[in-house]
Amino acid sequence: MKTETTIQGLSASLNPARAARKIIGFVPTMGNLHEGHLNLVRAARKLCDVVVVSIFVNPIQFGPNEDFDNYPRTLEHDSHLLAEVGCDIVFAPSVEQMYGKQPRLTNISVSEITNDLCGLQRPGHFDGVAVVVTKLFNIVQPNFAFFGQKDYQQLAVIKQLVRDLNMPIEVIGVPITRAEDGLALSSRNGYLSEQERATAPSMYATLQAAEKQLQNGQSLDVVLSNIRQQLTEAGFDVDYVEVRTPMLQKIGQFDQDIVLFVAAKLGKTRLIDNLQVKHST
Ligand code: PAF
């Protein structure tokens with residue numbers, strides 16, 4: 001496995017593969033990797049000849065009260081994990097390498113679906129993601145790019161971006177990786193106290209119960225309020241409980257496939273999860 005820290009170095013490493021028309025798979029990350037990320041790399045490994053993983057903590061997707069400086073940077077450990085799952089090239093650029101010294105005058109803003117769900121609490125966050133992902137796509141020029149369904153809104157934003165701007169890339173959403181007790185893997189789980197960690201799996205259990213209620217004919221409104229109540233009783237401070245279509249449009253009735261979304265705090269740690277619920281016709 002090679003590690004490249006410059007755009008030029010990465011291009012030199014990838015050019016032979018490009019010339020040989022090899023299929024390039026790309027997994028963008030901010031590092032601090034866990035099994036969820038590794039499953040993205042495994043999915044890329046299955047489908048592609050060459051697998052590139054970027055590790056870049058992107059300053060412009062952090063809000064003023066979000067801790068960019070303290071975001072864990074664990075490149076050495078991440079590199080060991082990536083080598084084990086068959087990554088070919090790690091791209092780990094500096095902020096200067098990605099953004100240069102001149103001011104950036106271009107923004108990329110996917111409208112509507114970013115002013116919703118997590119976007120409401122994090123103004124500008126998805127613009128920062130859209131900019132860095134576009135830059136990384138231009139640098140890596142992959143055939144396939146892999147994103148986790150855990151960050152469902154981010155995945156939908158990237159799909160929209162790729163479609164709207166005719167980027168020649170297929171975006172693949174990889175199912176959420178869960179701990180044995182159902183908790184969706186996230187780097188934030190490490191911040192949970194022992195007691196909070198024991199409570200956390202009830203977030204997924206509540207979504208699963210909601211799916212059953214919907215399939216038994218319960219109305220969406222009642223199911224959403226049940227989720228909120230159960231989470232509150234379990235000790236969560238609920239931020240939102242919402243339902244959307246798979247492309248994040250609002251919906252009032254369970255008459256097509258839907259996605260249930262929750263975001264809630266346990267102590268200081270904000271957790272999110274989602275569940276896709278099929279509508280059987
Ligand atoms: O999901 C992430 O880790 C980041 O938002 C991404 C896609 C790597 C962009 O910085």
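Residues numbered from 1 in each chain as written. Predicted model: local features only at pLDDT ≥ 70, side-chain atom pairs only at ≥ 80, totals over all residues. Heavy atoms only, no water.

Attention shifts here to the UniProt feature "binding site: beta-alanine" (unreviewed entry) in the chain. Those residues carrying the UniProt feature "binding site: beta-alanine" (unreviewed entry) are Q61 in this numbering. Within the element layout of this structure, Q61 appears in the loop between β3 (50-55) and α3 (75-84). Accessibility expressed as a relative area gives 9% for Q61, which makes it buried. With sequence-adjacent residues up to four places away left out, Q61 is seen in contact with M30, E66, R122, H125, G128, V129 and V132. A polar atom in the side chain of Q61 sits 2.9 Å from the side chain of N58. (UniProt positions renumbered as here; feature names shortened; annotations may be inferred. Helix = DSSP H or I, 4+ residues; strand = E, 2+ residues; numbered from the N terminus. Buried < 20%, exposed > 50% of the residue type's maximum accessible area, 1.4 Å probe, protein only. Contact = heavy atoms within 4.5 Å. Polar contact = N/O pair within 3.5 Å; in protein donor to acceptor, adjacent residues only side chain to side chain.)

Turning our attention to the pattern of salt bridges. Between side chains of opposite charge, a pair can form when the charged atoms approach closely. Within the structure shown, the criterion is met by ten salt bridges. Note that D88 and R45 form a salt bridge whose closest N and O atoms lie 2.9 Å from each other. Here R45 lies in helix α2 (residues 35-47) and D88 lies in the loop between α3 and β4 (89-91), a separation of 43 residues in the sequence. Looking at R45, the relative accessible area reads 27%, which means it is partly exposed. Two residues, D257 and K278, come together in a salt bridge whose shortest N-O distance is 3.4 Å. In this pair, D257 sits in the loop between β7 (237-244) and β8 (258-266) while K278 sits in the segment after β9 (269-277), placing the two residues 21 residues apart along the sequence. Assessed through its relative accessible area of 62%, K278 is described here as exposed. Sharing partners across several salt bridges, the network here consists of D116, E242 and R244. (Salt bridge = Lys/Arg side-chain N within 4 Å of Asp/Glu carboxyl O.)

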